[in-house]
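Overview (structure and organization)
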Amino acid sequence: MNSLILFLPCAAGVEVYLAYEILQILGASAQDLRTMRGGVQLKAAWRDALLLNLHSRLAQRVLIQLQDQPYSSEQDIYNAGQMVAWELWFGVDKSFKVDITAQHSPLKSLNFATLRVKDAIADRFRERLGERPNVETFKPDVRIHAHLTAERVILYLDTSGEPLFKRGWRFEKGDAPLKETLAAAMLAASGWSMPVLKEGTSQALTPETQSGVEQGIPLYDPCCGSGTIVIEAAQIACQMASGLHRRFGFERLRPFESRLWSELKEIAKANECAPRAEVFGSDISHRMVDFAEQNAAKAAVAGVAHFRAGDALQRMPPVEGGGVLMLNPPYGERIETAGVAGARQHASTEDGGEFFVQLAAHLKGNYANWTAWILTPDMKLSSKMRLKENRRIPMWNGPIECRLFRYEIKKGRMVDAG
Ligand SMILES: C[S@@+](CC[C@H](N)C(=O)[O-])C[C@H]1O[C@@H](n2cnc3c(N)ncnc32)[C@H](O)[C@@H]1O
């Protein structure tokens, strides 16, 4: 029975891809699926919550909604918290933490509202069981999220624990790594990891449309840093579950049964396959390539993700016949471009302009039949590259608004496919 209401938060703009992903993971057991701003809601079972944690690459967390009430004061929030049967979900031996978010809440202090939720939970335990669980703000066993709108208080139990972008394979971060969830969103939006979706919906453009990976299209990140895009892509190519290498919050909740969890992981492992497409990464920095290789080994894709050191302005395509280039190049002061352009960088422009002029020339000269997807906060990237993009998809890199630009490369020019 699908007795739970689940909410999976995600970055703005990613909702339709997440909805598609949820349908792929759960099939018919995902009911009443609704795409909302910043996440997707559905009705599903406990087992489904575990499956979503294990497989979702786009969700930030998997939350169980336990309360949704109108409120106008802190006392209403306390009452809402008291009504939830928390004792069915965790025991007094588990520490907990309450986090709060709000949109247009009329309350003066969110800290005080958080305290009221915490008191409601502690008081309920004390009244029913004579004892209360401790609060732990650093590494709690159980996380509870309260969300306040202008009129409603919604309480969620977090089944993920650490956010899902932490896949458990990252040894070394490098200087400016992408979040794994953002790398996965880039791969989804490009049509490489899932079919291209109809504008604004979670339906494939046509039912028979295949994703890039299903068509065996190679993928290459020439500024791969710690390897986030390449490692995500390599795992996708092998149909590897994203959550096999980490622990989850649900392991500390009462309904948790290790037998069911082992069974789900076994099924996931049995579903792994030989890589359906080749994936490559390179970076000017040998140190970064080292990190990427260590990360790939920990992510169990050492033989699938192929890394090399090299300058993006000089490296030739890793395979013949075209493919997908996917990168978030160095940007602004955070990272200075190195390599061929690096030497001339400061003499010419301070904004990476020279690097992008040279990158465009290199791609036009050597990457015919490749499609380049470039994520950048620089809205003027196309004019710097003196190229016309044929798609621009809004994406958020944490708080930074970015665009994922698509350029079709033909010999000697980039084509505007309109
Ligand atoms: C924003 S970071 C990419 C981060 C990466 N996506 C990750 O998740 O770790 C940009 C990367 O470009 C690399 N880089 C700078 N100039 C380069 C060049 N000319 N050729 C190749 N890589 C370059 C830097 O070493 C850095 O690792």
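A brief look at the structure comes next. (Residues numbered from 1 in each chain as written. Predicted model: local features only at pLDDT ≥ 70, side-chain atom pairs only at ≥ 80, totals over all residues. Heavy atoms only, no water.)

Take the nonpolar core next. With 101 residues, the main nonpolar core has Leu6, Phe90 and Trp192 as its most contacted residues. Looking at which domains feed residues into this core, each of domain 1 (4-158) and domain 2 (180-238 + 274-415) gives three or more. Core analysis: the next-biggest nonpolar cluster, separate from the first, contains 23 residues, Cys223, Phe355, Phe356 and Leu359 among them. (Core = buried A, V, L, I, M, F, W, Y, C linked by side-chain atoms within 4.5 Å. Buried < 20%, exposed > 50% of the residue type's maximum accessible area, 1.4 Å probe, protein only. Domains from an automatic or database assignment.)

This part takes up the site of the ligand. The local shell around the ligand holds 22 residues, among which Ser226, Thr228, Asp283, Ala312 and Asn328 are the closest. In this structure, Asp283 approaches the ligand through a side-chain N or O atom, which is 2.7 Å from an oxygen atom. Protein chains shield 96% of the accessible area of the ligand, which is 610 Å² for the free molecule. Of the residues in the shell around the ligand, the class split is 14 nonpolar, six polar and two charged. (Near = heavy atom within 4 Å. Polar contact = N/O pair within 3.5 Å; in protein donor to acceptor, adjacent residues only side chain to side chain. Areas by Shrake-Rupley, 256 points an atom, 1.4 Å probe, with all protein chains shown as cover. Nonpolar A, V, L, I, M, F, W, Y, C, P; charged D, E, K, R; others polar.)

Turning our attention to the state of the cysteines. One pass over the full model with this rule turns up zero disulfides. For the unlinked cysteine Cys224, the closest cysteine sulfur is that of Cys223, found at 8.2 Å. Owing to a relative accessible area of 6%, Cys224 belongs among the buried residues under this scheme. For the unlinked cysteine Cys238, the closest cysteine sulfur is that of Cys273, found at 6.0 Å. (Disulfide = S-S within 2.5 Å.)

Right, let's get into the environment of Pro163. When you line up the elements, Pro163 lands in the loop between strand E7 (152-158) and helix H5 (180-189). Residue contacts for Pro163: discarding those within four places in its chain leaves Gln60, Arg61 and Arg246. (Helix = DSSP H or I, 4+ residues; strand = E, 2+ residues; numbered from the N terminus. Contact = heavy atoms within 4.5 Å.)

Turning our eyes to something else, we now look at the sheet that holds strand E3 (residues 39-44). One open sheet accounts for seven strands, arranged E2-E3-E1-E4-E7-E6-E5; its pairing is mixed. Each of the sheet's edge strands pairs with one partner strand only, and the pair in question is strand E2 (31-36) and strand E5 (96-102). Averaged over all pairs of adjacent strands, the angle between strand axes in this sheet comes to 30°, irrespective of strand direction. Of the pairings in the sheet, the one linking strand E1 (residues 4-9) to E3 comprises six bridges and is antiparallel in character. What sits directly across from Ile5, in E3, is Lys43. Taken strand by strand, helix H1 (residues 15-26) contacts E1, E2 and E3, and its axis lies near 25° from that of E3. Sheet strands in contact with helix H3 (residues 74-82) are strand E4 (63-70), strand E6 (142-148) and E7, and its direction is about 40° off that of E7. (Pairing = 2+ DSSP bridges. Axes fitted to C-alpha atoms, helices over the stretch in contact; angles between N-to-C directions.)

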